[in-house]
Amino acid sequence: MTKSRNIALAGALITLATLFYAVTVVRMRETEDRRHLSDPLAHSAPAEPASPRP
């Protein structure tokens, strides 16, 4: 009885961890999408540095 309870608890913890991971990934994607809507150049290359003065 204890072994089956431990297996059930392990299954529940794995399921919960997987659910938290999936929610985190989805939230990160949504945040990145919103960031690109507000700033289309969010991941563009930085501007060229000014040439040094002679």
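As shown above, the structure is provided for reference.
Residues numbered from 1 in each chain as written. Predicted model: local features only at pLDDT ≥ 70, side-chain atom pairs only at ≥ 80, totals over all residues. Heavy atoms only, no water.

### Re the overall build of the protein chain
Part 1: On a plain count of helices and strands, the protein chain comes out with one helix and zero strands.
Part 2: Put simply, the protein chain has 54 residues, and 2% of those count as buried.
Part 3: When the accessible surface of the protein chain is totalled, it reaches about 5400 Å², and 66% of it is carbon and sulfur. (Helix = DSSP H or I, 4+ residues; strand = E, 2+ residues; numbered from the N terminus. Buried < 20%, exposed > 50% of the residue type's maximum accessible area, 1.4 Å probe, protein only. Areas by Shrake-Rupley, 256 points an atom, 1.4 Å probe, with all protein chains shown as cover.)

### Considering a nonpolar patch on the surface
Part 1: Taken together, the side chains of Leu-16, Leu-19, Phe-20 and Val-23 present a nonpolar region at the surface, about 370 Å² in accessible area.
Part 2: Within the fold, Val-23 resides in helix H1 (residues 2–38).
Part 3: By relative accessible area, which is 42% here, Val-23 ends up partly exposed. (Patch = residues over 30% accessible without salt bridge, like charges linked within 9 Å, V, L, I, M, F, W, Y side chains within 5 Å. Salt bridge = Lys/Arg side-chain N within 4 Å of Asp/Glu carboxyl O.)

### As for the environment of Glu-32
Part 1: Tracing the sequence through the fold places Glu-32 in helix H1.
Part 2: For Glu-32, a relative accessible area of 27% gives the class partly exposed.
Part 3: For the pair formed by Glu-32 and Ala-42, sequence separation is 10 residues and the distance between their alpha carbons is 9.4 Å.

### Digging into the environment of His-43
Part 1: By the element assignment, His-43 lies in the segment after H1.
Part 2: The residues touching His-43, leaving out its near neighbours within four places in the chain, are Glu-32, Arg-35 and His-36. (Contact = heavy atoms within 4.5 Å.)

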